[in-house]
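Results of the structural survey
Spelled out from the first residue to the last, the chains are:
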Amino acid sequence: MSKIFKHKDFNLVVYVEDTDFQGVVYHANYLKYLERARSQFLIEHNLSQTKAMTIENGSYVVKSVHLEYLNPAHLEDELIVETIIEHQSKVRTLFIQSILNPKNDTLICKGNVEVCFIDNSSGKPKPFPKRLLNLFSN
């Protein structure tokens, strides 16, 4: 039933605000990088999160996160977030994401982020917007 979808890579640069006093990326910022890549996926497919909230009375929510920190990233590193999406059901999608430093071919961090769509009134899962479901059916 699940369908795999590869999204284009998301590029970013590590800024001083992302690091500790030694120039190493603070661990919580990797979550932000993964979130930016997921948000960019929605933007590039014309799936507005604000419209989902206002028109469809729904929100994309993270149900679970599993991360492995493998190597540190540093100030001014240029990183790539790779995203593979495994559509598991009408209400559940798994984002399999990796952060890489292409300059030295190092895997920095990898993780699985399970995302659901909920009804804002009840807080219960509901099917993803049709536009997103159609994307996975192609």
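Provided above is the structure to which this section pertains.
This write-up is about the structure you can find in this document. (Residues numbered from 1 in each chain as written. Predicted model: local features only at pLDDT ≥ 70, side-chain atom pairs only at ≥ 80, totals over all residues. Heavy atoms only, no water.)

For Pro-102, the position within the fold is in the loop between β4 (92–101) and β5 (106–119). Under the relative-accessibility criterion, Pro-102 is labelled partly exposed at 45%. Pro-102 sits 87 residues away from Tyr-15 along the chain, and the two C-alpha atoms are 17 Å apart. Not counting the four nearest positions on each side in its chain, Pro-102 is found in contact with Glu-78, Leu-79 and Ile-80. (Helix = DSSP H or I, 4+ residues; strand = E, 2+ residues; numbered from the N terminus. Buried < 20%, exposed > 50% of the residue type's maximum accessible area, 1.4 Å probe, protein only. Contact = heavy atoms within 4.5 Å.)

A few words on the nonpolar core. Judged by nonpolar contacts, the single largest core of 16 residues is most densely connected at Phe-41, Tyr-60 and Leu-132. Among the elements of the structure, α1 (27–44), β5 and α3 (130–137) are those that each provide at least two residues to this core. If near-sequence neighbours (up to four positions away) are discounted, Phe-41 is found in contact with Phe-5, His-7, Ile-85, Phe-95, Leu-132, Leu-135 and Phe-136. (Core = buried A, V, L, I, M, F, W, Y, C linked by side-chain atoms within 4.5 Å.)

Tallying each qualifying case throughout the model produces 8 aromatic pairs. Pairwise contacts between aromatic rings join Phe-5, Phe-41, Phe-95 and Phe-136 into one cluster. (Phe/Tyr/Trp six-rings, centres within 6.5 Å; stacked < 30°, edge-to-face > 60°.)

Positionally, Asn-101 belongs in strand β4. Here Asn-101 falls in the buried class, since its relative accessible area comes to 6%. If we skip the residues at most four places from it in the chain, Asn-101 touches Asp-77, Glu-78, Leu-79, Thr-106 and Ile-108.

Spatial ordering of the open sheet is given by β1-β3-β4-β5-β2, a layout of 5 strands whose pairing is antiparallel. This sheet does not close on itself; its edge strands, each paired only once, are β1 (3–13) and β2 (58–69). Between one strand axis and the next, the sheet turns by 20° as a mean value, whatever way the strands run. Direction of pairing for β1 relative to strand β3 (residues 78–87): antiparallel, over a ladder of 9 bridges. By the bridge assignment, Phe-10 is partnered in β3 with Val-81. The strands touched by α1 are β1, β2, β3, β4 and β5; relative to β1, the strand with the most contacts, the crossing angle is about 120°. Set on the sheet, α3 makes contact with β1, β2, β3 and β4; between it and β1 the angle comes to about 110°. (Pairing = 2+ DSSP bridges. Axes fitted to C-alpha atoms, helices over the stretch in contact; angles between N-to-C directions.)

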